[in-house]
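What the coordinates show
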Amino acid sequence: MRLSVGAARRIVLAAQGLAQPRPEQVTMRELTGMYRRIALTQIDSVNVLARAHFLPAFARLGPYPMGIYDRAAKGRPPRLIEYWAHEAALTTPEVWHLMRWRMDRLRHHPHWRAVLDDQPQLVGRVQQLIADHGPMTATRVHEEIGRTAGPKTHWGWNWSDEKRALEALFATGQLVAAKRNPQFERVYDLPERVLGPLPAAPSGAEAAVALIRLASRALGVATAKTLADYFRMRTDVARPAIAHLVALGELDEVEVDGWGACYLHPDCRRPRRVEARALLAPFDPLVFDRERLLALFGMHYRIGIYTPKEQRQHGYYVLPFLLGEQMVGRVDLKADRRSSRLVVQRLTWEAHAPGHAAQALDAELRLMADWLQLTDVVHAG
């Protein structure tokens, strides 16, 4: 089967929940429905506009009460939980369980093994503190043990031994993140207290098939590399799972013009036309595969936050603007909370942007400002 780039693009937008009207009201049902569709949203600490995991829901659902995420972290099991599902990401308990093969593998990874094996007494003490006293941040663990974390000298990664122990236990599934506190710190707890009794973990092969099945539904059409990357799987692990799903008829092999060999989820929607309008976070599932974004939408996109100021082409926190079926612009945004303004620091239009793009962007910016409880939208310079 062959697909044009346009047809593939429309399939992808539908799979990502960007080809349907936004709901009039967003409840927990709409939020969890989004996660059933796209499986995860990446977490990032940069808060120049809003926390990264808040933005994909706005792009798909429109204005919603951010407190809904606090409610989604409650319950036993919670509706959403954090893990290294892509990078650090919010995902469903179903995906967390499917990641347990990765947790077991990470126990033998040199980085985490050096913590678990070289400092077993400290690791045990940290884990026991949480078992005895309940959920704790790293700051609270430091207080209980009677030491400070020390100054941050390297972008926040100069971890104390206690923090390394917590992160090793988190990576290997012996602790979970019950939530993030207002300071964006992980609050660690025991898995069974958050998720309830844990069933037997799936085998690596079983988990790989289930994860590729979820990734294919979220992506619609994708290369093997993109399918593997959605949950950060190695291609040598993903390819047997892909072949298995092809044999079952749960994936179709297709050729996308100008892109190459891909896989299509057979149940995905194939709209003839898409009328989307969305500002997409730099870590949105639609754009975090930059090669795929270039192949499907013709946009060579890089976020500016990791680039020296003098080398930035489009700004610092740059969001692609999706209009219809195309990426038509790049908007460098900042929420100036002191002055209650949503600031457009730089705006760059693509050559193919239609004449009504500016009006559509203004409407989307106004909607975002209202959602963020900002009074004005202003263009710098």
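Refer to the preceding data block for the structure.
Before going into details, it helps to say that this report is about the structure given with it. The model shown is predicted, which means the values in this text are computed figures rather than measured ones.

1. A look at the packing of helix H8 (residues 120-133) against helix H9 (residues 138-145)
Relative placement of two packed helices is described by the angle separating their axes and the distance separating the axes. For the pair H8 and H9, the least separation of the axes is 11 Å and the interaxial angle reads 105 degrees. By the angle class used here, H8 and H9 are roughly perpendicular. Two secondary-structure elements touch here, H8 through Leu122, Arg125, Val126 and Leu129 and H9 through Val141, Glu144 and Ile145. The residue inventory of the contact of H8 with H9, partitioned by class, reads five nonpolar, no polar and two charged.

2. Let's talk about the sheet that holds strand E9 (residues 260-264)
In a beta sheet, neighbouring strands are held together by backbone hydrogen bonds and run either parallel or antiparallel to one another. A sheet is described by the order of its strands in space; here four strands give the open sequence E1-E8-E9-E7, paired in mixed fashion. The strands lining the two open edges of the sheet, one partner per strand, are strand E1 (2-3) and strand E7 (221-222). As paired strands, E1 and strand E8 (residues 252-256) are joined by two bridges and run parallel to one another. Bridged to leucine 3 within E8 is valine 256.

3. Considering the packing of aromatic side chains
All chains considered together, the criterion is met by nine aromatic pairs. With centroids separated by 5.9 Å and ring planes inclined at 50 degrees, the aromatic side chains of tyrosine 230 and phenylalanine 288 adopt a geometry described as tilted. Here tyrosine 230 is found in helix H13 (residues 224-230), whereas its partner phenylalanine 288 is found in the loop between strand E10 (276-279) and helix H15 (290-297), with 58 residues between them in sequence. In this pair, the class of tyrosine 230 matches that of phenylalanine 288, namely buried. Linked through ring pairs, Tyr35, Phe54, Phe58, Tyr64, Tyr69 and Trp371 together constitute an aromatic cluster. Between the NZ or CZ atom of arginine 51 and the centre of the ring of phenylalanine 184, over which it lies, the distance is 4.1 Å. Positioned above the aromatic ring of tryptophan 159 is the side chain of lysine 163, whose terminal nitrogen or guanidinium carbon lies 5.5 Å from the ring centre.

Reading the values: rules and limits
Residues numbered from 1 in each chain as written. Predicted model: local features only at pLDDT ≥ 70, side-chain atom pairs only at ≥ 80, totals over all residues. Heavy atoms only, no water. Axes fitted to C-alpha atoms, helices over the stretch in contact; angles between N-to-C directions. Helix = DSSP H or I, 4+ residues; strand = E, 2+ residues; numbered from the N terminus. Parallel < 35°, antiparallel > 145°, perpendicular 65-115°, else oblique. Contact = heavy atoms within 4.5 Å. Nonpolar A, V, L, I, M, F, W, Y, C, P; charged D, E, K, R; others polar. Pairing = 2+ DSSP bridges. Phe/Tyr/Trp six-rings, centres within 6.5 Å; stacked < 30°, edge-to-face > 60°. Buried < 20%, exposed > 50% of the residue type's maximum accessible area, 1.4 Å probe, protein only. Lys NZ or Arg CZ within 6 Å of the ring centre and 35° of its normal.

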